[in-house]
Amino acid sequence: RTIVDTVGYVGSKDCIDLDLPELSRTLALNKLKLNTLFVDGLSVTREDVVEFYKTIDIQLSFRLPRLIQCMPPELKNALKLCNAGSFKIPTVGYPELCWGEFKDCYIEAKTPAKVVEACCQLRDDKELYRLVSCNMYYRAQDYHIDNVVKSYENVLNEN
């Protein structure tokens, strides 16, 4: 990407533990925009999410550790990282338990100030942006539908 200026969040309103209006103001002071796509019902389609990813340069994820009904942290996966990574979009976020094996694939930020700092760093450091986005892009290939289908076929053939 030649110009990095848009930070985006896609997900449930209940799973972003930041004051989004305040974050938007702070990012704007740093010449960055914040876009959101809240996915809290059945009205948002896969195509909507794909189109949203095409509008952002950095993905934001910031869910503080807590138990969420029907979503134990031990059973979560790194799909959020993989989805953005498949578009070569780096993620800035609060580290989730399931992100342990992806240390070089996102920028860790544990406070709102660190979120802004990391976004500015990705905006200003083209090599860092390339490195983080490419690392996750290559890791996301493991989760490509063609590879997932092969895994299911292998399991079915074993039985």
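Placed above this text is the structure.
What comes next concerns the included structure. (Residues numbered from 1 in each chain as written. Predicted model: local features only at pLDDT ≥ 70, side-chain atom pairs only at ≥ 80, totals over all residues. Heavy atoms only, no water.)

1. What to know about the overall build of the chain
Here is step 1: When its secondary structure is counted, the chain shows six helices and five strands.
Here is step 2: Across the chain, helices and strands are ordered from the amino to the carboxyl terminus as β-α-β-α-β-α-β-β-α-α-α.
Here is step 3: By the compact-globule yardstick of 15 Å for 159 residues, the chain fits well, its C-alpha radius of gyration being 16 Å.
Here is step 4: The C-alpha extent of the chain, read off along each of the three principal axes, is 60 × 35 × 30 Å. (Helix = DSSP H or I, 4+ residues; strand = E, 2+ residues; numbered from the N terminus. Rg over C-alpha atoms; globule rule 2.2 N^0.38 Å.)

2. Quick look at the environment of Arg 130
Here is step 1: Along the chain, Arg 130 falls in helix α5 (residues 126-140).
Here is step 2: Assessed through its relative accessible area of 40%, Arg 130 is described here as partly exposed.
Here is step 3: Arg 130 sits 48 residues away from Cys 82 along the chain, and the two C-alpha atoms are 16 Å apart. (Buried < 20%, exposed > 50% of the residue type's maximum accessible area, 1.4 Å probe, protein only.)

3. Overview of the side chain of Ser 133
Here is step 1: Examined against the element boundaries, Ser 133 turns out to sit in helix α5.
Here is step 2: Its relative accessible area of 3% is what places Ser 133 among the buried residues.
Here is step 3: In contact with Ser 133, other than residues within four places in its own chain, are Gly 85, Lys 88, Ile 89 and Pro 90. (Contact = heavy atoms within 4.5 Å.)

4. Description of the packing of aromatic side chains
Two aromatic rings, taken as a pair, are described by how far apart their centres are and by the angle between their planes.
Here is step 1: Summed over all chains, the structure comprises six aromatic pairs.
Here is step 2: Pairwise contacts between aromatic rings join Phe 52, Tyr 53 and Phe 87 into one cluster.
Here is step 3: One cation-aromatic arrangement involves Lys 88 over Tyr 137; the distance from NZ or CZ to the ring centre is 4.7 Å. (Phe/Tyr/Trp six-rings, centres within 6.5 Å; stacked < 30°, edge-to-face > 60°. Lys NZ or Arg CZ within 6 Å of the ring centre and 35° of its normal.)

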